[in-house]
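A structural walkthrough
Below are the chains, spelled out letter by letter.
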Amino acid sequence: MTMGSPTRAGSPAAPASAPGGAPTGTGAGRAGAGRGASDPSGQGLLVALVVAVLVVVVVVGSGGRLGTDGASVRVMPTVVAALSGLAVWLLARAGTLGRLVVVALLLVPALGVAHGVVVGGGLVEGLLLGAMDSLACVLAALVLRGGPHTVWTGLEGVPSLGRLLVASGVGGLVFGGAFAIAALLLDSAGEDSLVVARHASAAFLTWGAWSALVLSALGAPPPVPGAGPRAGEGLAQVVLVSLAFLVVFSPAQSLALTAMPLPLLAWAALRLGSRATAIELLVAAAYVTITTDAGWGPFGETEAGTATVDAALLPSVVQGYLVCSLLLSLPPALLLHQRRILAVALEREQHLFGRHFTDSAFGNLLLEEDVQGTARVTRVNDAALAALGRSRSSVLALPLEALVEVDVVARLTFAMQIGEPWRGRARVPGRPGAEVELGVTRVSGPDERPATWSAQLLDVTEEEAARRRAEDAERLTDSTLATTAAMIVVTDPEGRVRLVNDAATRVTGWTTADLAGRHVWETGLLPGARADLEALATWPNRSGAPVVRERSLATSTGATLRVRWSDNAVRDATGQARMLVLTGIDVTEERASSALVEHLLRAPVGTVLLGLDEQGTIQVANTGAELVLGRAPADLLGTPAIDLVDPADLVERFGQEGAGDGFRAALASADRRDQDPAGATDWVVVGASGDLLTLSVTVTRVDEPASRSRFLVVARDVTEERRLVQQLRALDSAKTDFVMTVSHELRTPTTSILGYSQFLAEEPLEPEQLQMVQAVLRNARRLAAMNEDLLFLARLDAGVVDSSQSTAVDLGELATALGCTREDEARERGLALRIDAEPGARVQGDAAQLTRMLDNLIGNALKFTDAGGSVTVTVGSVGDEVSLVVEDTGMGIPVDEQDGLFQRFYRSSTAVQRAVQGPGLGLSIVAAVVAAHAGRVSVRSAHLEGATFSVALPRAADEQRPAGRHAAVVPHD
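Remember, it's a predicted structure, so these values are computed and weren't measured experimentally. (Residues numbered from 1 in each chain as written. Predicted model: local features only at pLDDT ≥ 70, side-chain atom pairs only at ≥ 80, totals over all residues. Heavy atoms only, no water.)

For helix α14 (residues 461–483), with 23 residues, the first-to-last C-alpha span of 33 Å sits near the 33 Å given by 1.5 Å per residue. Taken together, the buried positions of α14 are occupied by T461, E464, A465, D472, L476 and S479. The secondary structure elements touched by the buried residues of α14 are β3 (422–427), β4 (435–442), β5 (452–459) and β15 (711–717). (Helix = DSSP H or I, 4+ residues; strand = E, 2+ residues; numbered from the N terminus. Expected span 1.5 Å × (residues − 1). Buried < 20%, exposed > 50% of the residue type's maximum accessible area, 1.4 Å probe, protein only. Contact = heavy atoms within 4.5 Å.)

Turning to its location among the elements, S329 is positioned in helix α10 (residues 314–359). At a separation of 2.7 Å, a polar atom in the side chain of S329 contacts the main-chain carbonyl oxygen of S325. Contact partners of S329, with chain neighbours within four places excluded, come to L265, A269, T277 and L281. (Polar contact = N/O pair within 3.5 Å; in protein donor to acceptor, adjacent residues only side chain to side chain.)

The next thing to look at is the UniProt feature "transmembrane region" (unreviewed entry) in the chain. This chain's UniProt record puts "transmembrane region" (unreviewed entry) on residues 44–63, 75–92, 98–119, 126–144, 164–186, 198–218 and 238–266. In residues 126–144, helix accounts for 100% and strand for 0%; the two terminal C-alpha atoms are 26 Å from one another. Counting secondary structure, residues 238–266 comes out at 59% helix and 0% strand; the distance between its end C-alpha atoms is 12 Å. (UniProt positions renumbered as here; feature names shortened; annotations may be inferred.)

What follows is about the environment of V547. Counting through the fold element by element, V547 comes out in strand β8 (residues 547–554). Sequence spacing of V547 and L533 is 14 residues, and the spatial spacing of their C-alpha atoms is 9.7 Å.

Applying the stated criterion to the full structure yields two aromatic pairs. Note on F245 and F249: the rings are 6.3 Å apart at their centroids and 20° apart in plane angle, and the pair reads as stacked. For the residue pair F245 and F249, the accessibility class agrees, reading buried in each case. Between F249 and Y321 the ring centres are 6.0 Å apart and the planes differ by 55°, which places this aromatic pair in the tilted class. With F249 in the loop between α7 (233–248) and α8 (261–272) and Y321 in helix α10, this pair connects stretches of sequence that are 72 residues apart. The residues F249 and Y321 share a single accessibility class, namely buried. By the ring-pair criterion, three or more aromatic residues cluster together here, those being F245, F249 and Y321. (Phe/Tyr/Trp six-rings, centres within 6.5 Å; stacked < 30°, edge-to-face > 60°.)

We now examine the nonpolar core. Ranked by size, the top nonpolar core spans 68 residues in total, and within it L91, W152, W210, L213, F245, L322 and L330 carry the most contacts. Residue contributions to this core peak at 11 residues, all from helix α6 (residues 193–219). Dropping the residues within four chain positions of it, F245 is found in contact with P261, L265, A284, Y287, V288 and Y321. One finds A837, I893, A947 and V951 within the second-largest nonpolar core, a separate group that totals 37 residues. (Core = buried A, V, L, I, M, F, W, Y, C linked by side-chain atoms within 4.5 Å.)

Attention now moves to the sheet that holds strand β11 (residues 607–612). If you walk across this open sheet you meet the five strands as β12-β11-β15-β14-β13, and the pairing is antiparallel. Of all strands in the sheet, those bounded by a partner on one side alone are β12 (618–621) and β13 (681–686). With strand direction ignored, the average angle separating the axes of adjacent strands in the sheet is 35°. For β13 and strand β14 (residues 692–701), the ladder comprises six bridges, and the chain directions are antiparallel. Note that in β14 the partner of V684 across the bridge is T694. (Pairing = 2+ DSSP bridges. Axes fitted to C-alpha atoms, helices over the stretch in contact; angles between N-to-C directions.)

At a minimum axis distance of 9 Å, the contact between α7 and α8 shows a crossing angle of 160°. Comparing their axes, α8 and α7 come out roughly antiparallel. Handedness of the α7/α8 crossing: left-handed. Taking contact as the criterion, the partners of E233, G234, A236, Q237, L240, V241, A244, F245 and V248 in α7 are, on α8, P261, L264, L265, W267, A268, R271 and L272. Taken together, the residues of the contact of α7 with α8 break down into 12 nonpolar, two polar and two charged. (Parallel < 35°, antiparallel > 145°, perpendicular 65-115°, else oblique. Left-handed = near helix turned anticlockwise from the far one by under 90°. Nonpolar A, V, L, I, M, F, W, Y, C, P; charged D, E, K, R; others polar.)

So, on to the pattern of salt bridges. Under the counting rule described, the total for this entry stands at 26 salt bridges. Where D532 meets R549, a salt bridge forms, and the shortest distance between an N and an O atom there is 3.2 Å. Linking D532 in helix α17 (residues 530–538) with R549 in strand β8, this pair joins segments that are 17 residues apart in sequence. The exposure class of R549 is partly exposed, given its relative accessible area of 30%. Here E721 and R716 are joined by a salt bridge, their closest N and O atoms 3.2 Å apart. Under the relative-accessibility criterion, R716 is labelled partly exposed at 39%. Overlapping salt bridges bring together R423, R425, E437, E463, E464, R467 and E471 as one network. (Salt bridge = Lys/Arg side-chain N within 4 Å of Asp/Glu carboxyl O.)

In structure tokens form, the structure reads like this:
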């Protein structure tokens, strides 16, 4: 098989290589700017340009009939290699595996014809070369695609260029190897194996180099918008690089100037982009091939007619020069292209951020840390200014803490200090009642300085107001449902019961649990009402008025009542019924009284219901007002409610001159959020007979614009209750006075007994006499201690304990001192007493009271612990509190007796059974002292398992926490 000898311009025909570039790994490819796949019109122009270059090469390079006699085939093998590059590009972009196979089969005859023209051989020889070329194209395309199910989208960077070169090398290697094998097997002329190897090497180099050039031109991404050269720069570069190649590869020019065009190609890479660079490389390669084949340039013949490069090495030298030019110019172009894409994306992101920041409907603030470490506002949008109610100049440079109320500043500052996001609601200074939803996030890195935060504000003032109105309406509904005498049944559109109010339960005995989910006509409430209710749910009620009917009702006990029902439907915006509301009034006893049936407030109840307008004038009154006040509802209508209040009560509340305004202000504040809507206030009113009545009054605002009544007043007579309370208070005060008096009176004789007993105990006495004196002394001390406890509790009850001695008390020092005081007692009882106190654990309080509390806890632990046991007292700081824990291994306290442990005179069954002495006042004193110091006390114990008492007290505000602890240990003998 004759292939033709290599020429100075290149190697024998070789198959085209696959387009370069990294596959995306997916059929669709990655999204991004400057990608070949995203520029279909540009791809068509590039294909046309490549074809045009090949046509020029064919026209210029063909010098007559292409024979197979071993003479030069000139530049035509290069043209076939470039066509193979186009074939690889088509295969790499074939969408599916089936399309790839079809394209590959069509390439066999096409490339076979091309090879037949080049070598001038027969049809079989051409088809064989075409099949080998197609195989090389398919393998190169698969390498380029990254797999059979992906599509190559073009050059996206230097890694994709590396894949392109690998694909071109694989294709060239396959074609060169197949060419060598075919030549050895089929060549009947018996060519030397060295010649065949040289031809195969030339085929490999030509195939690989030209496929890489063609694929680079077709796969190079278009320039990034806005990143092109200045006006005229591109034209100047093209002119200069053209002149450079014309000079270097001109006739009779044999100087080694091949590096002269490379800086100009680098200029194209840096300024014109990767696509322009790849096109210039392709055109330059065509020119170099043609001129070298003609014997021009540094690779051609000298003036003496001798070749500067050996003919066997010429294809390798020429293709190597072209590949080196590609490697020196295209990678920088791709790197710069990626950098420009990133710069454009960054600019776009910055623009979007700026637009989002400025035009956002949410308030946005940017804060940056100053040299003192304070985050101050550096940028703010209009929405944030509107939410804050400030001007831009008054916000800039302020810390965020100055823009919100102080109740969240501490939490917000702490979150910003530790770099954690924070979100919450805050009030806005200067905008009464305004609230904002505030979110703060650190946008700079943990170690980045200065730190930057982003704050978002959302004005929720209207939302909060709407929520409060909804809550008020819900409270009014609940109050009405709970207090009304009318029966109310709520069902779904199908008539299944959802709710039965208290009045209906009282009248019928049926509860919501009894009726929920059942059709109302299947119950005893509305038998036979199915047709009427289905019509109400199906057909719109044009007038909107309730449908009134009177029906019989069966109670849960079987009794029959006559009830007047008012039925209506709650409908949505489309007119569809969402629920049915059935309001019934028991008219069994009062059918003749239409006014009583029509108005719920006329029910004879012991509760006063009044409806007031904005000025406090009575618009509605029920019969309960007559029962309590002694005045008929008709007489109350139009009367200012303030006229019912005792003048002395008004003066005490609002002063002599401001009674009217104060009363109206009290009404206006009825729906304030800082008041308990369920709370009641006692008012003194004047009855019809002139007697004073104490009423417990609850006022609720009615947010219904169509209602004449703006306030609903619910009151009940508590005159007798308040009188009993006053009597109980007087009895309690008398008890306290009695205890204090008796305790004071017992002090003197107890002191005398103690004094004389101590004097006698120091005298020389007989053993029996000494024993009796010590018994008197011991019991006198018990009596004195109990007397002091009673006196202390009485003073606490009377509120006469002196609190002016409040200081910062070191609880650890107190515990250590008391441990030393109790040391002898612990040894006598055979107990181990350990004090583990942290220095500086200070609380604000009365040192004497705290000493009594601590002494009672330690004394109880020693008293109720058997010999051989231990008592441990631990004092330390936990957060913002000081913790005191007294733990013993004693007899313990049964769990079921611990609820009354801190009551006065309480003693556990274990202590009674073991005859442990004591009046049961110690723990009640502990609880009283702890409560007086705003602390908490708790116990953890079980029968015969010891007890642990824990006390938590607020730490003193100016406390410093020194390091270390000190401990005292008193071991038992």
